[in-house]
Amino acid sequence: MSDFKQLHVSALMGANWEAPDWQQLETTRKGEWLLEAHSMTERLQACCATLDVEVLGLHQCDMETLTSSERELLGHEGCLVREVVLSGDNMPWLCARTLVPMSTLTEKEEDIAQLGAVPLGQRVFTQANARRDAIEVATVIVKGQALLARRSRLWVNNKPMLVSELFLPHAPIYQEEG
Ligand code: PHB
């Protein structure tokens, strides 16, 4: 496993997810990023000329390896785990880990297992019934630096997946309000 993946995916898995303080966050630039209900991919794309996805990992996990909160949000089921890093203009901006229950990867959604370098949001938000709920936030310490993270549930055709996202130090979320 690459050092990058080890460090960032482990940090996401160890995050202490909490309900966001909507009132406080809604008024800040960081909050707008963390509470984005539509596509994070689109929001990132608006900040760069090229947004690239690199797949760091794609594997299956058994139901037993899910945490209790993951089971509460997704149901008791094995999942596909997709781990990626998104780079804007060649700077790493976001590390994401998505759990996709096997029952989500059916019918029209079978292709989600084979997205490769196509960003998840680009695939999901072309569907009119896509929606996001259960947004939670966390601060994660990586190499002594406090990084922002969020976890949210995406629904496509009423089937869930759970996306955890870690904003890396060069991500636009940390840029000063302009
Ligand atoms: C993904 O392609 O897996 C992906 C892309 C953007 C995100 C999260 C996940 O914000």
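Criteria and cut-off values
Residues numbered from 1 in each chain as written. Predicted model: local features only at pLDDT ≥ 70, side-chain atom pairs only at ≥ 80, totals over all residues. Heavy atoms only, no water. UniProt positions renumbered as here; feature names shortened; annotations may be inferred. Helix = DSSP H or I, 4+ residues; strand = E, 2+ residues; numbered from the N terminus. Rg over C-alpha atoms; globule rule 2.2 N^0.38 Å. Buried < 20%, exposed > 50% of the residue type's maximum accessible area, 1.4 Å probe, protein only. Near = heavy atom within 4 Å. Polar contact = N/O pair within 3.5 Å; in protein donor to acceptor, adjacent residues only side chain to side chain. Areas by Shrake-Rupley, 256 points an atom, 1.4 Å probe, with all protein chains shown as cover. Nonpolar A, V, L, I, M, F, W, Y, C, P; charged D, E, K, R; others polar. Phe/Tyr/Trp six-rings, centres within 6.5 Å; stacked < 30°, edge-to-face > 60°. Lys NZ or Arg CZ within 6 Å of the ring centre and 35° of its normal. Core = buried A, V, L, I, M, F, W, Y, C linked by side-chain atoms within 4.5 Å. Contact = heavy atoms within 4.5 Å. Disulfide = S-S within 2.5 Å.

- The chain is annotated in an unreviewed UniProt entry as Probable chorismate pyruvate-lyase of Enterovibrio norvegicus.
- Word for word, the UniProt comment on the chain under Pathway (unreviewed entry) is "Cofactor biosynthesis; ubiquinone biosynthesis."

## Topic: the overall build of the chain
Line of reasoning, step 1. Looking only at helices and strands, the chain has 6 helices and 6 strands in total.
Line of reasoning, step 2. Scaling as 2.2 N^0.38, a compact globule of 178 residues should have a C-alpha radius of gyration of about 16 Å, and the chain matches this with 15 Å.
Line of reasoning, step 3. Expressed along its principal axes, the backbone C-alpha trace of the chain runs to roughly 45 × 35 × 30 Å.
Line of reasoning, step 4. Taken over 178 residues, the chain has a buried fraction of 51%.

## Side note on the site of the ligand
Line of reasoning, step 1. Taken together, Met40, Thr41, Arg82, Val84, Leu86, Leu94, Ala96, Val118, Pro119, Leu120, Val163 and Glu165 are the residues near the ligand.
Line of reasoning, step 2. With respect to the ligand, the side chain of arginine 82 contributes an N or O atom lying 2.7 Å from an oxygen atom.
Line of reasoning, step 3. The separation between an oxygen atom of the ligand and a polar side-chain atom of glutamate 165 is 2.5 Å.
Line of reasoning, step 4. Within the complex, 98% of the 280 Å² of free accessible area of the ligand lies under protein.
Line of reasoning, step 5. The set of elements that each furnish at least two residues to the shell around the ligand consists of helix H4 (40-45), strand S2 (79-88), strand S3 (91-101) and strand S6 (159-167).
Line of reasoning, step 6. A total of 3 residues in the shell around the ligand trace back to one element, the largest contributor, which is S2.
Line of reasoning, step 7. Classifying every residue of the shell around the ligand by side-chain character gives 9 nonpolar, 1 polar and 2 charged.

## A word on the packing of aromatic side chains
Line of reasoning, step 1. Considering all chains together, one arrives at 1 aromatic pair under this definition.
Line of reasoning, step 2. Note on tryptophan 33 and phenylalanine 167: the rings are 6.4 Å apart at their centroids and 75 degrees apart in plane angle, and the pair reads as edge-to-face. In this pair, tryptophan 33 sits in helix H3 (residues 29-34) while phenylalanine 167 sits in strand S6, placing the two residues 134 residues apart along the sequence. There is no split in this pair, since tryptophan 33 and phenylalanine 167 are both buried.
Line of reasoning, step 3. Over the ring of tryptophan 33 we find arginine 43; its NZ or CZ atom is 5.0 Å from the centre of that ring.

## A closer look at the nonpolar core
Line of reasoning, step 1. Judged by nonpolar contacts, the single largest core of 20 residues is most densely connected at Leu34, Leu44, Leu86, Trp93, Leu94, Phe167 and Ile173.
Line of reasoning, step 2. Counting residues per element, the ones that place at least two in this core are H3, H4, strand S1 (51-61), S2, S3 and strand S4 (131-142).

## Regarding the side chain of serine 152
Line of reasoning, step 1. One can find serine 152 in strand S5 (residues 145-156).
Line of reasoning, step 2. Within the local environment of serine 152, its side chain forms a polar contact with the side chain of arginine 132, the two groups lying 2.8 Å apart.
Line of reasoning, step 3. For serine 152, the residues in contact, after removing those within four places along its chain, are Arg132, Asp133, Ala134, Ile135, Met161, Leu162 and Val163.

## Concerning the state of the cysteines
Line of reasoning, step 1. On inspection of all chains with the given rule, the structure shows 0 disulfides.
Line of reasoning, step 2. Cysteine 48 carries a free sulfur, and the closest cysteine sulfur to it, the one in cysteine 47, is 6.9 Å from it.
Line of reasoning, step 3. Free cysteine cysteine 61: the closest other cysteine sulfur is in cysteine 79, separated by 4.9 Å.

## Points about the UniProt feature "binding site: substrate" (unreviewed entry) in the chain
Line of reasoning, step 1. Listed under "binding site: substrate" (unreviewed entry) in the UniProt record, and renumbered for this structure, are Met40, Arg82, Leu120 and Glu165.
Line of reasoning, step 2. In this structure, methionine 40 sits in helix H4.
Line of reasoning, step 3. Residue methionine 40 is classed as buried on the basis of its relative accessible area of 3%.
Line of reasoning, step 4. Aside from chain neighbours lying at most four places away, what touches methionine 40 is Trp33, Arg132, Arg150, Glu165 and Phe167.
Line of reasoning, step 5. Residue classification places glutamate 165 among the buried positions, given a relative accessible area of 5%.
Line of reasoning, step 6. Once residues lying within four places of it in the same chain are set aside, the contact partners of glutamate 165 are Leu12, Met40, Leu94, Cys95, Ala96, Leu148, Ala149 and Arg150.
Line of reasoning, step 7. Looking at glutamate 165, its side chain comes within polar contact range of the side chain of arginine 150, at 2.6 Å.

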